Amino acid sequence: MGSLRRGMEREIEQARQLFEKEFGGQPVAAAKAPGRAELLGNHTDYNQGLVMALAVDKFIVMAGRPRSDGRVVLVSPIFERRALFEADRIAKDPEAPWADYTKGLLLQLQERGARFGGFEAVIHSTIPLGAGLSSSAALLVASALLLRKLYPYRIPELDRVESLDKGDAPPMDDAERLRLARICQKAENEFVGVNCGLLDHISSLFGRQDQVILIDCLDMKIDWTPMDSETAVVLAHSGVRHELVGGEYNDRRARCERAAKALGVPSLRHVTLEELEQARDRLEEFDYRCALHVVGEIERVARGADLLRRGDRQAFGELLCQSHESSRHNFRNSCPELDCLVELAKEHPACLGARLTGGGFGGATINLARAEEAEDFRRSLASGYAARMGKRLESWICRVVEGAA
Ligand code: ADP
Ligand code: MG
């Protein structure tokens, strides 16, 4: 493995410089994982539903180098303390909880048979935390791919990870990538303790430039459809930090599971809107509303995929607005700031559609706007947000990018 060359992509170069500053010398490998934006299909992933996502041009890059003493040293400049632990003796450290992602991943891979020595790495990120762009999944995916470059492994089966003694790991096919996504999810579920679905990890790994990723979470079939080049994707971060760990997310998930159970089906994927109506009096009111949101979202994604293929961006955009209404009324995972952002978006003539994206309870909205007016759209969101909520808006016109490598 040669040292990373100078003059490479910007984020990798920034990570390289950070590594040089923190550890001296050069990293030998880097991995870059994009954040994701859920375009449509809210809270559908763990209900075996349909979802549309985009990998966007916000990234976590990890750059690293092996160590011969078996220790792992991680630096993330947004956190004061370094994380320090033995690769073969992993435990939580309340002083650096952010290292739980990499630790959880190491454990998952080790439990399946992989062996790792020590390493030192930096985490360079342009993904804001808790903005609904899934920095956590990008961190896991970047960790997994960096490790694969430092200590090559392959994943022939979900429960088996083989360390390779020599050379670089061969390129992953889609089936192996999917197994890696599942392992990342398990790390987040079991070690970090967030009951998240697979969407985030899949999106970071399966992104394609200018394409929408379509995921069927029943059989994990992944497909792509082009994103119309005249339409801009604008992400607007409310500045309200959502707190997934142990929060409302797990509550909503439990409600969906309870509703499915009461309906006698394995998941809400197996229920139509009519069947749900008929069973309404068997469900607690809020459970019913959560189920209504999810079943409605699954239907909107199915319709939305057709509309995208036909190039009907107007009708597609309307589905985004309906999705947000349902979040607000039924699933109750919006908040005044997100509602305000969606209202402001809809007031602008360039707007095609707007909704909250990701888990909700804060984080960001995703907006589709006519590309030629996207910058004006973005500015008017910011000035409206300042006027109505007295808050500064962070927003971006995003490019839709390739998945992690
Ligand atoms: P998100 O929607 O961004 O995924 P989460 O709460 O799921 O929000 O994940 C955020 C957590 O992921 C942070 O609290 C931190 O533990 C970890 N994390 C994200 N980005 C970084 C980073 N650049 N450096 C270290 N840890 C990070
Ligand atoms: Mg997350």
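A quick note: this is a predicted structure, and the numbers were derived from the prediction, not measured.

Draft legend 1. How the structure looks around the overall build of the protein. Check the secondary structure of the protein and you find eleven helices and 13 strands. Each principal axis of the C-alpha atoms in the protein carries an extent, and together these give about 60 × 50 × 40 Å. In the protein, buried positions account for 60% of the 405 residues. Within the protein, contacts between residues at least 6 apart in sequence are counted, and of these 70% link residues at least 24 apart. With the model as given, the accessible surface of the protein reaches about 16,400 Å², and the carbon-plus-sulfur share is 46%. For the protein, the centre of its 55 positive side-chain charges and the centre of its 61 negative side-chain charges are spaced 3 Å apart.

Draft legend 2. Broad picture of the packing of aromatic side chains. Counting across every chain of the model gives five aromatic pairs. The interplanar angle of 65 degrees and the centroid separation of 5.6 Å between the aromatic rings of Tyr46 and Tyr249 together place this pair among those described as edge-to-face. Of the two residues, Tyr46 sits in the loop between β1 (29–40) and β2 (50–67) while Tyr249 sits in helix α6 (residues 248–262), which places them 203 residues apart along the sequence. With respect to class, Tyr46 is no different from Tyr249; both count as buried. Between Phe116 and Tyr153, the aromatic rings sit 6.0 Å apart at their centres with planes inclined by 90 degrees, giving edge-to-face as the arrangement. In this pair, Phe116 is assigned in the loop between α2 (100–111) and β5 (118–125) and Tyr153 in strand β6 (residues 153–157), connecting sequence segments 37 residues apart. Exposure remark for Phe116: the relative accessible area of 11% places this residue in the buried category. Classification of Tyr153 as buried rests on a relative accessible area of 0%.

Draft legend 3. Structural view of the environment of Leu320. Looking at the element boundaries, Leu320 is found in helix α9 (residues 313–331). With 209 residues separating them along the chain, Leu320 and Glu111 place their C-alpha atoms 41 Å apart. Setting aside chain neighbours within four positions, we find Leu320 in contact with Leu39, Leu40, Gly353, Ala354, Arg355, Ile366 and Leu368.

Draft legend 4. Representation of the site of ligand 1 in the model. Around ligand 1, the structure places 19 residues, and the nearest of them are Ser76, Leu129, Gly130, Ser135 and Ser136. A distance of 2.9 Å separates an oxygen atom of ligand 1 from a polar atom in the side chain of Ser136. For ligand 1, whose accessible area on its own is 570 Å², the fraction buried by protein is 92%. Elements represented by at least two residues in the shell around ligand 1 include exactly β5 and α3 (135–150). Considering each element in turn, the shell around ligand 1 owes the most residues, three residues, to α3.

Draft legend 5. Focus on the packing of α3 against helix α5 (residues 199–206). For the pair α3 and α5, interaxial distance at closest approach is 9 Å and the crossing angle is 55 degrees. It follows from the interaxial angle that α3 and α5 lie oblique. Relative to α5, the crossing made by α3 is right-handed. Contact residues: α3 offers Ala137, Ala138, Leu140, Val141 and Leu145, while α5 offers Asp200, His201, Ser204 and Leu205. A per-class count over the contact of α3 with α5 returns six nonpolar, two polar and one charged.

Draft legend 6. Summary view of the pattern of salt bridges. Counted under the stated rule, the structure contains 41 salt bridges. The partner of Arg154 in a salt bridge is Glu162, with the nearest N and O atoms 2.7 Å apart. Taking the relative accessible area as the measure of exposure, Arg154 reaches 30% and is therefore partly exposed. The exposure class assigned to Glu162 is partly exposed, which follows from its relative accessible area of 27%. Note that Glu347 is salt-bridged to Arg388, the shortest N-O span being 2.8 Å. Here Glu347 is found in helix α10 (residues 336–347), whereas its partner Arg388 is found in helix α11 (residues 374–389), with 41 residues between them in sequence. Judged by relative accessible area, which is 45%, Arg388 ranks as partly exposed. Among the ionic contacts, a cluster of salt bridges with common partners joins Glu248, Asp251, Arg252, Arg255, Arg258, Glu284 and Asp287.

Draft legend 7. Highlighting the nonpolar core. Grouped together as the largest cluster of nonpolar side chains are 111 residues, with contacts concentrated most on Met52, Leu74, Leu268 and Phe316. Ranked by the residues each element gives to this core, the list is headed by helix α8 (residues 285–310), at twelve residues. The contact partners of Phe316, leaving out residues within four places of it in the chain, are Leu39, Leu40, Met52, Gly304, Leu307, Leu308 and Leu368. By size, the runner-up hydrophobic cluster in this structure holds 15 residues, among which are Val234, Val342, Ala350 and Cys351.

Draft legend 8. Quick peek at helix α1 (residues 10–23). Spanning 14 residues, α1 covers 20 Å between terminal C-alpha atoms, matching the ideal 20 Å at 1.5 Å per step. For α1, every residue scored as buried is listed here: Glu11, Ile12, Glu13, Ala15, Arg16, Leu18, Phe19 and Phe23. Elements in contact with the buried residues of α1: β1, β2, β3 (71–75) and β5. The positive-phi residue at the C-terminal boundary of α1 is Gly24, with phi of around 75 degrees.

Draft legend 9. Layout of the environment of Ser326. In this fold, Ser326 is placed in helix α9. A sequence separation of 31 residues divides Ser326 from Val295, and the C-alpha atoms of the two residues are 11 Å apart. Not counting residues up to four positions away in its chain, the partners in contact with Ser326 are His293, Arg300 and Phe331. At 2.6 Å, the side chain of Ser326 forms a polar contact with the side chain of His293.

Calculation criteria
- Throughout, residues of each chain are indexed from 1 in the direction in which the sequence is written.
- Here chains are named by letter from A upward and ligands by number from 1 upward, in the order in which they appear as written.
- Totals for whole chains, interfaces and linings use every residue, but because this is a predicted model, local features are given only for residues with pLDDT of at least 70 and side-chain atom pairs only at 80 or more, for both listing and counting.
- The basis for the side-chain values is all heavy atoms of the structure; hydrogens and waters are excluded.
- Only runs of H or I of at least four residues qualify as helices and only runs of E of at least two qualify as strands under DSSP, and these elements are numbered from the N terminus.
- Only protein chains enter the calculation, and the probe is 1.4 Å; a residue is then buried if its accessible area is under 20% of its type maximum, exposed if over 50%, and partly exposed in between.
- In what follows, residue pairs with any heavy atoms lying within 4.5 Å of each other are defined as contacts.
- We get accessible surface area from the Shrake-Rupley algorithm with a probe of 1.4 Å; when it comes to residues, only the shown protein chains can shield them.
- Residues counted as positive are Lys and Arg, residues counted as negative are Asp and Glu, and His and the chain ends are not counted.
- We put the charge of a Lys on NZ, of an Arg on CZ, of an Asp on CG and of a Glu on CD.
- In this scheme Phe, Tyr and Trp rings, the latter by its six-membered ring, pair at centre separations within 6.5 Å, and the angle between planes marks the pair as stacked below 30 degrees, edge-to-face above 60, and tilted otherwise.
- Neighbouring residues are identified by heavy atoms, a residue being near a molecule or strand if any of them is within 4 Å of it.
- By the criterion applied in these results, polar contacts are pairs of N or O atoms within 3.5 Å in which, for protein atoms, one can donate a hydrogen and the other can accept it, and in which residues neighboring in sequence qualify only through two side-chain atoms.
- Every axis in this analysis is a line fitted to C-alpha atoms, fitted for helices over the stretch in contact. Angles between the N-to-C directions lie between 0 and 180 degrees.
- Roughly parallel here means an angle under 35 degrees, roughly antiparallel means over 145, roughly perpendicular means 65 to 115, and every remaining angle is called oblique.
- By convention, the crossing between two helices is left-handed when the near helix turns anticlockwise from the far helix through less than a right angle, and right-handed when the turn is clockwise.
- In this classification, the charged set is Asp, Glu, Lys and Arg, the nonpolar set is Ala, Val, Leu, Ile, Met, Phe, Trp, Tyr, Cys and Pro, and all remaining amino acids, among them Gly, are polar.
- Salt bridges are identified by distance alone: a Lys or Arg side-chain nitrogen within 4 Å of an Asp or Glu carboxyl oxygen.
- What makes a nonpolar core is a set of buried Ala, Val, Leu, Ile, Met, Phe, Trp, Tyr and Cys residues whose side-chain atoms join them at distances within 4.5 Å.
- Helix span, expected: 1.5 Å multiplied by one less than the number of residues in the helix.

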